[in-house]
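Listed below are the residues making up each chain.
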Amino acid sequence: MTLCEVTDVTGTEGNFTVKIKEHPRYVDVDKCIACGICAEKCPKKVEDEYNAGTAKRKAIYVKYAQAVPLKYQIDPEHCIRLNKPGKCGFCEKFCPSGAINFDDKEKLHTINVGSIILAPGFDCFDPKEAGIWGYGRYPNVITSMQLERYLSASGPTEGHLVRPSDGKPVRKMAFLQCVGSRDQNRCSNEYCSSVCCMYAIKEAVIAKDHVDGLDATIFFMDMRTFGKDFERYYENAKTRHGIRFVRCRVHGVEPHGSDGDLRLHYINEEGRQIEEYYDLVVLSVGLETPQQVKELAAKIGIQLTPHNFAATSAFSPVLTSRPGIFTCGAFAGPKDIPQSVMEGSAAAAGVADLLAPARYSLTQEKSFPPERDVSGQEPRIGVFVCHCGSNIAGVVDVEAVADYAASLPGVVHVERNLFTCSQDTQDLMKKRIEEQGLNRIVVAACTPRTHEPLFRETIKAAGLNEYLLEMANLRNHDSWVHSNDPTKATEKAKDLVRMAVAKVALQSPLKAESVGIVPVALVVGGGIAGMESALSLADQGFEVHLIEKRKYLGGNARHLNHTWTYEDIPRYLDGLVKKVTENPLIHLYLESEVIDAKGFVGNFVTTIQQGGKKKEIKHGIGIIATGGKGYRPEGEYGYGEYEEVFTAIEFDAVKKAGDFRVKRGRTFVFIQCVGSRQEDRLYCSRVCCTHSVQAAIELKKEDPSRSVYILYRDMRTYGQREALFKEARMLGVIFINYELHGRPKVKKAKQGLTVEVWDHVLHRPLIINTDVLVLATAIEPNPVSKELAKLYKVPVDSDGFFQEAHAKLRPVDFSVDGLYMAGLAHYPKPVEEAIAQAKAAAARAASILSRKEIPLEATKAQVVLEKCDGCGLCIDVCPYQAITLLEGVDDQGHPWKRVEINKAQCKGCGLCQGTCPKDGVYVAGFSSQQLRAQIEAALAV
Amino acid sequence: MLERYKIYSVFDLLLEYYNEGRININREIHKQRTTYHDPCNYGRKSLKTFGHGYFEEGRIITKACAPNFVDMEPNREGNYCCGAGGGAWAMPFKTERVFYGRIKARQIQETGAELVIAPCHNCRDQIKKSLNQEYQLGIEVKYLWELVADSLVLPVKN
Amino acid sequence: MAGTEKVGSVTVVGGGVAGIQAALDLADSGYFVYLIERSGAIGGAMAQLDKTFPTNDCAM
């Protein structure tokens, strides 16, 4: 429901009444075919919000070319006709489907739902108010969002990086970090926006791709690349891409001359004053909660943090202060895309927990007419050639192509459409299929990647098997790439149609199979992530088997005392363990290990060993939450040698126990990044900066006369944790920056130790005489991960952490369907993020477990029994391990061999078909016969 | 005592006189390009300490007397210090003081102004007596009240 | 007080990447979802981005 706003929420969890205001679109979505003629004719230009103010759109517009829904809308503030009745109205006059409706009114809706998820996102900080950066005054100072639009091929400059002032190419650009974040002076956003360091590096790398020899510099205070693979990207940006990083907060931007050049005046890390000139300065703007979201939150009783983000508990990170209302994404605190996606799934899990009894109560199945049997019939092919507005017709002579199609063998009906994808053409296609008895369809239009599902559904609704369809891509493969030669393009279009006709003529109806699902889950690992996901699934009504190697549950969390929000972990942990052990749906196996695994989504069989006894567990999905372990820095910084040196976890324990070394300690030194962010472990362990800062605060609060030092490379107290960093500084904790080439040196002293470090402000070595030295050590993956990875055939990355299917969009899925990951096993993270990821894994798993069966695509490999002799060449090439060899002896005692395809694991890639020397296996819908016919058609003149 | 007497700055006074029409300004006298220097104390410091920085008042008056006005970049709260504050004008560290003032000198040069209005006596001295010579700026420097005084249309004696 | 029976539908407020993911997971699990979006199209801020790390996929 677009153009809608929530105005009120009443009720309680399980039963809410939501009032929604729908703003008028002034365009009928059932009629609009997004042809764009209205926008062409509209005379009113307006600043384009989508392009972040770098371009203009019309008063009637579509947000962007790939918008969903792809329907136009009229901006009532700027439309001439809506403000002055009787004037203009050109769009209405020219719209080919009569979709314009100036009488559209605001509608109010009231809906009744069981739960609500708030995911209203963020607004970029607007740097105009703080004039010091010259934004809004000097045209070559832009925000990062504007840079994204400039770099984008669909943006105002089609990806050419030029100066906004004069269009000249950009040769030197600078990024200023923390604009609108970590700043109580120019704005009131004291928190860290978490994403800007990373996006600035990404934009710099992309900009360098666009412009040869581009000089890019990033000015930062702390480089916060704490996510998975981010540290490596940062290193590559420095070494491979040559991006310059300068640790300095530049105070402002000045114009240099009157041509639009910009001047930055700053002090570099050596204390020298430097002046540099740039073509373009990009302000890395922070994320903030939009004003109307703050108002809505106040109205419906959602508590916000002092920074105006949704207040949540670390132990229920997606639940707001109002029961039954969940949240996810940037509203719950500034975060990047993988975190937002994880939280989206976690919120879904939260809702599913709550509404489990009501599952499937309001969903509807789509119904289709019975399929017409076309076996034995001669092909009666219908060809629909699309003009695609002028996208195809502007280059290709569509009429000639249609005439040609009519001459092809098997074709009994040809039709030309302006927009084959429009709703009315779907109705037309259905009519034609029925009246003409068409039994094969060719749609000569655009790409099947976006439109095949639409046409499949159309012919299915007309009673035809949905696979009796072939598309010829006259747009992406023809008009878009051969726009300079219409004659040849038209010939190619004819070739493409001829090939499609040849292939579809030999197409048989295909039946999609489905596999049944065992509605049971298996969770490997009984730490917080494992327990939370097990509980979430159990709360949703599924049976769960939880496997834990040790004698007790809790994993690494047993070493922790509190979250960054100072919430009590041991108490939470005890409560969690109790819930797990008492839950009737959770089968707990302590002191057990996984020793074998096989199967595929919906049908896994895992063998575990407990006390020498083996047990086979059948399950539909698996969640791997095997956790991590702390790095022991033997031999580094005196660890293991001097008794005053501890790891962070050891220090916590020792302090809690009241050890006199800590109690009477006067000076404490923390060294960050021990073991992390270096060659053998090129990743950031994410939690250590926050942990050390909290430990330092506690030490200072106990006794303010203590001297506490934190030696860091970059302080990574990201998001709202930034407040802790400030508090530590206010309490007098001294932060000293060190670089990899000048690591602190630790020696034994008469009393305690000396730590020598080069002070980055004083520019001289500092020797600190300390009573205690705490090393913030790296988090490593559990060594068992590699073994488990082999058993389940899942990938592990170069650092030993499990590799997810897609870093951004599928952060809890493995590329093997039905397997998910959560917690430290995926990457170091704090407790609240482990819980969110665990819930996300549970939600993803539930979306499979809640079904009785999974329908599979029909385009899977098929064995031709008469031709396959079991040579097994295809088995080796299959990337999905979907082929197995079957052997047996027939009734006459003759041995036989052949292969069998696991349809659930097969993805229809066709490698087997390409490898088989006997035509013994083929991908349904792409038989060798069909492909040969297509090739012959292509070569025919 | 504070309640008996009205205490305010010369900015407020001049602006009051101007707005109430108690003074008349001849705009033909100062036709050269003029710029305005924001003193630290009246500007940034006043903003931080009292919540009000005198940025606009001086500009309104200056523009009223010298219509050919151009702002320095950056200006107002972000404007650069003249370099002679905190006692630097009176102290013997001349080389340092002149070095600090180089950025102010460049700012003035970049405006192309011939007349600089410096409302603070310290800034005015630095700019008029030091920066103008050391950096050969070739400018005239006036106090804000001086600009107004020089622009006054005197009432006709009866 | 309205019925204590739980309603099997959900409102997701916001059509950005987090909202879309939540809506998809819920719909796949058997709940009817109302996805409410303030602007004319879903996609949120991510749709404005050019390419995303690490695969340099277009953000669309």
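Please read these numbers as outputs of a predicted model, since none were measured by experiment.

A. Summary view of the overall build of chain B. Helix and strand counts for chain B come out as 7 helices and 3 strands. At 16 Å, chain B has a C-alpha radius of gyration in line with the 15 Å of a compact globule built from 158 residues. Its C-alpha atoms put chain B at 55 × 40 × 25 Å along the principal axes. Evaluated residue by residue, chain B yields a buried proportion of 46% over its 158 residues.

B. Spatial organisation of the pattern of salt bridges. Within this structure, the stated rule accounts for 78 salt bridges over all chains. Of the charged contacts in the structure, one is a salt bridge between Glu-73 of chain B and Arg-137 of chain A, with a shortest N-O distance of 2.6 Å. Within this pair, whereas Glu-73 of chain B is found in the loop between helix H3 (56-65) and helix H4 (94-100), its partner Arg-137 of chain A is found in the loop between strand S9 (123-124) and strand S10 (141-143), the two belonging to separate chains. Take Glu-73 of chain B: its relative accessible area is 24%, and that puts it in the partly exposed class. We classify Arg-137 of chain A as partly exposed; its relative accessible area is 43%. Each of Arg-182, Asp-222, Arg-224, Glu-231, Arg-247, Arg-677, Asp-714, Arg-716, Glu-722 and Glu-739 of chain A takes part in one network of salt bridges that share partners.

C. Fine view of helix H4 (residues 144-151) of chain A. Burial analysis of H4 of chain A places 8 of its 8 residues in the buried class, which makes it a mostly covered element. All buried positions along H4 of chain A are accounted for by Ser-144, Met-145, Gln-146, Leu-147, Glu-148, Arg-149, Tyr-150 and Leu-151 of chain A. Buried residues belonging to H4 of chain A abut S9, S10, strand S11 (172-179), helix H5 (196-210) and strand S17 (280-285) of chain A together with strand S3 (51-52) of chain C.

D. Spotlight on the confidence of the model for chain C. Averaged over all residues, the pLDDT of chain C is 85; the fraction at 70 or higher stands at 83%. ipTM for the predicted complex: 0.92, alongside a pTM of 0.87.

E. Broad picture of the interface of chain A and chain B. Of the residues lining the interface, 15 residues belong to chain A; the matching set on chain B comes to 11 residues. Salt-bridge contacts for Glu-77 of chain B lead to Arg-186 of chain A; the nearest nitrogen and oxygen are separated by 3.8 Å. Here chain A is connected to chain B by 8 residue pairs in polar contact (both at pLDDT 80 or more). Residue assignment for the side of chain A that touches chain B shows that the elements contributing at least two residues are strand S14 (254-256), strand S15 (261-267) and strand S16 (273-278) of chain A. Among the residues making up the side of chain A that touches chain B, the classes are represented as 4 nonpolar, 6 polar and 5 charged.

F. Geometry of the environment of Gly-612 of chain A. Examined against the element boundaries, Gly-612 of chain A turns out to sit in the loop between strand S29 (603-610) and strand S30 (613-619). In this structure, the C-alpha to C-alpha distance between Gly-612 of chain A and Ser-592 of chain A, residues 20 residues apart in sequence, is 9.2 Å.

G. Expanded view of the interface of chain A and chain C. Counting residues at the interface gives 77 residues for chain A and 48 residues for chain C. The contact between chain A and chain C buries some 5,200 Å² in all, and 62% of this surface belongs to carbon and sulfur atoms. Connecting chain A to chain C are 1 salt bridge. Asp-25 of chain C is paired through a salt bridge with Arg-844 of chain A; the nearest N and O atoms lie 2.7 Å apart. Top contributing element to the side of chain A that touches chain C by residue count: helix H8 (residues 337-355) of chain A, with 10 residues. Residue classes in the side of chain A that touches chain C are distributed as 44 nonpolar, 20 polar and 13 charged.

H. Examining the packing of aromatic side chains more closely. Residues and elements named next belong to chain A. On inspection of all chains with the given rule, the structure shows 22 aromatic pairs over all chains. Summarising the aromatic geometry, the rings of Phe-651 and Phe-670 are spaced 6.0 Å apart at their centres and angled 80 degrees between planes, so their arrangement reads as edge-to-face. In this pair, Phe-651 sits in helix H16 (residues 648-656) while Phe-670 sits in strand S34 (residues 667-674), placing the two residues 19 residues apart along the sequence. What makes Phe-670 buried here is its relative accessible area of 1%. Taking 5.4 Å as the distance between ring centres and 80 degrees as the angle between the ring planes, the aromatic pair formed by Phe-802 and Phe-814 counts as edge-to-face. Placement of the pair is Phe-802 in the loop between helix H20 (784-792) and strand S42 (819-821) and Phe-814 in the loop between H20 and S42, with a sequence separation of 12 residues. Accessibility classification places Phe-802 together with Phe-814 in one group, the buried group. Lying across the ring of Phe-94, Lys-41 places its NZ or CZ 4.7 Å from the centre. The ring of Tyr-278 carries the charged tip of Lys-172 above its face, separated from the ring centre by 4.8 Å.

I. Representation of the pairing of strand S8 (residues 115-118) of chain A. Burial along S8 of chain A is two-sided: the residues Ser-115 and Ile-117 of chain A and Ile-116 and Leu-118 of chain A are all buried. When S8 of chain A meets strand S1 (residues 9-13) of chain C, the two strands line up parallel, connected through 4 bridges. Bridged to Ser-115 of chain A within S1 of chain C is Val-10 of chain C. Sheet analysis places S8 of chain A next to strand S19 (residues 325-327) of chain A, joined by 3 bridges and oriented parallel. Within S19 of chain A, the residue paired with Ile-117 of chain A across the bridge is Phe-326 of chain A.

Here is what the cut-offs are and how they apply
- Residues numbered from 1 in each chain as written.
- Chains lettered and ligands numbered in written order.
- Predicted model: local features only at pLDDT ≥ 70, side-chain atom pairs only at ≥ 80, totals over all residues.
- Heavy atoms only, no water.
- Helix = DSSP H or I, 4+ residues; strand = E, 2+ residues; numbered from the N terminus.
- Rg over C-alpha atoms; globule rule 2.2 N^0.38 Å.
- Buried < 20%, exposed > 50% of the residue type's maximum accessible area, 1.4 Å probe, protein only.
- Salt bridge = Lys/Arg side-chain N within 4 Å of Asp/Glu carboxyl O.
- Contact = heavy atoms within 4.5 Å.
- pLDDT = per-residue confidence, 0-100.
- Polar contact = N/O pair within 3.5 Å; in protein donor to acceptor, adjacent residues only side chain to side chain.
- Nonpolar A, V, L, I, M, F, W, Y, C, P; charged D, E, K, R; others polar.
- Buried area = accessible area lost by both parts, 1.4 Å probe.
- Phe/Tyr/Trp six-rings, centres within 6.5 Å; stacked < 30°, edge-to-face > 60°.
- Lys NZ or Arg CZ within 6 Å of the ring centre and 35° of its normal.
- Pairing = 2+ DSSP bridges.

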